[in-house]
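Structural characterization, general
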Amino acid sequence: MAETKREIERKYDVGAGAALPDLSGVAGVHDVIDRGVVELDAVYWDTPDQRLAAGSVTLRRRTGGDDAGWHLKLPVSLAEGVRDEIHAPLSETVPRALFGLVRSRVREADLVPVVRLRSARNLCHLVDARGALLAEVSVDEVRADRLDGATGSAAWTEAEVELADGGDPAFLDKVEKKLKKAGARRSSSSSKLARALAETAPKKSGTEPARAETATGSGKKAGKSEAVAEAVREAVGKGPGTAGDHVLAHLRAQRDAIVSLDPAVRRDLPDSVHQMRVATRRMRSAFKSYRKILDRTVTDPVGDELKWLAGELGVDRDQEVLNERLTTRIDDLPRTLLLGPVRGRLRIWSVARRAGSRRRTVAVLDSERYLTLLDTVDALLADPPLRPAATTPPAKALPKAALKDYARLAARVEHALELPPGKERDLALHDARKAAKRARYTGEAAVPALGKPAQRFAKRMKAVQSVLGDHQDSVVARDALRALAIQAHLAGESAFTWGLLYGQEEAAGADDERELPGVWAEASREKIRAALGG
C-alpha cells in the first residue's frame, strides 16, 4: 500500500567535510538532537531517454534509514522545494501503484536503473519546547555512479533542511539565514538525481548529428507542398515570435498539463479531473480556432480523440457538480419543506450514478487509446502541420481568430434569443455556451502575445459563458430532479420537495435568460472590435 506525504525541503551546497553550524539559536528551536550518521543506498529508475527526469519526477528504490522502500516524488512547486513523496514497500520491481503514476510519461517504454546514489547522512532534528519536530537537517556526503551504460561518477557534499509535516514554511527562512552565514548556498539543482545526471553525463562531441530526413524526402526531391511546409517550419522559431510560435507554445502548455495532471487524477486529488478536462478542451479548441495556422486535416483527428478523452473525464465530474448543486439546494430549504427521506434519496441516486466511474477513469488512463493519443500529440508538436499564416505576426493572426470565434458565438446567441422559452431554446443556449467557451479559450490563449486587449476579450467571453453555463446547469438539474421525483413516488415517498426544487431551478433558469441580453450587450461587436483593435 502506497503512502503519501507533502515534502517541503531546501538543498544547499557546502564544502567537503563541512559540519552544520550551531542551529540552537534559530527562533523557535528549543533543542538540536543529534541522530547520528545514516548510510543510504538509492537506485534511481527512469526510461533510457530520461522522461521522468525531464519532468522533474524521481523514482528510486532506497535502503537504509527509517523509510526504506520505493519513493516516487512528484513536483508541486519546484521553486519552493515542494513535492509529493509517495512511498511503497521494498520489492525487486517497480510497484504497480507507483508505475501507474508515471504511466503518462513512461507509456510503453521500459523503466531501468540509471543512477546509484550512496550517501552518508549526518542527521539532526530541530525540536520546539514541547519536543515536537520542526525540521530535519542533514549534511550528506554523496557519491553518484551511472548504471545506464555510461561510466561517469561524481561526488559532492550538500546540506538538506526538510520541514516537519504540517510545519510553517517560514521556519525554513530562519534556518537558511544561519546556514548562509556559515557559507552554505542554495543548490542550483532541484534534486540529487538532477545533479547526478548533470555531473555524470557523457561528454558531447564537437560534431552535430546529421539532420534526419522527412518522411517525404527519403532520397527524393520533395514536392511543392512539402517544400512550402518546410519553409514555414524553418521560418517559425526564428527572430521575434510568430503566430505559429505562439500557438505551438500554447499547445505545448496544454500537453504538459495533461501529462502532469494524469497522476493527480489517478490519486483522486481535488479538482484534478476538471483541470485535466479543461486542458484537453483548450487544446481541441486551439486546433479549431487556429485552423489558418495549423492544417486541420492533421489536427481534426487528434481533436476527435481529445473530445473522447474529455467526455470520459466528464462522467464523474459532471455528476459531482450536479450532486453539489442539489445538495446546496436541499441545505437551503427549511426543515418543514423536507418531506420524506430527501437526503437519503439523493445519496442513493448519486452513489448509483457514480458507481464504477472512478475505476472507469483509471482504466481510460491505462488504455492503449489514451497512450496513443499522448504519443500522437507529441508527434504533432515535434513536427507541426504549420500553414503559411504561421509566419505572420501574432498581432495580425490572433485577433482574426478571436473575432471569427466571436462571430460564431454572436450568431448562436442571437438565434437563441429569437426563440420562445422551451426545450428548443434551451438547446440553442447550450450551443451558444460551447461557442462562448471556445471564444474565451481563444482570448486567454492570446494573452501572452496581445496582453490587455486579449484579457478584456476573454473577460467578456467568460461573463457570457458564465450566464449560459448557469442556465445549462439549471436545465440538467431539472432533468435530475424529475427523475428523483419519479423514484420517490414509485417508492411510496412524498415527491413534494423534489417538485419544489424543480420550481426553484426553473426560476433560476428564467433569471439567467433575463440576464443574458444585458451581459451580451457588454460584448457587442463594436466593443469587441475596439478591444482587439479589429
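Bear in mind the structure is a predicted one, so any value in this text is a computation, not a measurement.

With that out of the way, let us pick up the overall build of the protein. The helix and strand tally for the protein stands at 17 helices and nine strands. Overall, the C-alpha framework of the protein stretches about 80 × 75 × 45 Å when taken along its three principal axes. The buried share of the protein, reckoned over its 534 residues, is 45%. A total of about 26900 Å² of accessible surface is found on the protein, and carbon and sulfur atoms cover 52% of it. Each charge sign in the protein was given a centre, from 88 positive and 78 negative side chains, and these centres are 5 Å apart.

The next thing to look at is the side chain of Gln319. Locating Gln319 in the fold gives a position in helix α9 (residues 296–331). In this structure Gln319 comes out as buried when scored by relative accessible area, which is 4%. Residues within four places of Gln319 in sequence aside, it is in contact with Trp349, Ser350, Arg353 and Arg354.

Another point: the pattern of salt bridges. Under the defined criterion, the tally for this structure stands at 53 salt bridges. In this structure, Glu160 and Lys192 form a salt bridge, with 2.4 Å as the shortest nitrogen-oxygen distance. A residue pair is termed long-range when its members are at least 10 positions apart, and Glu160 in strand β8 (residues 153–163) and Lys192 in helix α5 (residues 192–199) qualify at 32 residues. The exposure class assigned to Glu160 is buried, which follows from its relative accessible area of 7%. Across the salt bridge formed by Glu505 and Arg329, the nearest N and O atoms sit 3.1 Å from each other. Of this pair, Glu505 sits in helix α16 (residues 496–521) while Arg329 sits in helix α9; the two residues are 176 residues apart in sequence, bridging distant segments of the chain. Classification of Glu505 by relative accessible area gives buried; the value is 0%. Each of Glu7, Glu9, Lys11, Arg60, Lys73, Arg83, Glu85, Arg121, Asp140, Glu158, Glu160 and Lys192 takes part in salt bridges that share partners, so that together they form one network.

Here is what the cut-offs are and how they apply
Residues numbered from 1 in each chain as written. Predicted model: local features only at pLDDT ≥ 70, side-chain atom pairs only at ≥ 80, totals over all residues. Heavy atoms only, no water. Helix = DSSP H or I, 4+ residues; strand = E, 2+ residues; numbered from the N terminus. Buried < 20%, exposed > 50% of the residue type's maximum accessible area, 1.4 Å probe, protein only. Areas by Shrake-Rupley, 256 points an atom, 1.4 Å probe, with all protein chains shown as cover. Lys, Arg positive; Asp, Glu negative; His and termini not counted. Charge placed at Lys NZ, Arg CZ, Asp CG, Glu CD. Contact = heavy atoms within 4.5 Å. Salt bridge = Lys/Arg side-chain N within 4 Å of Asp/Glu carboxyl O.

Function-wise, these values are silent; they only describe arrangement.
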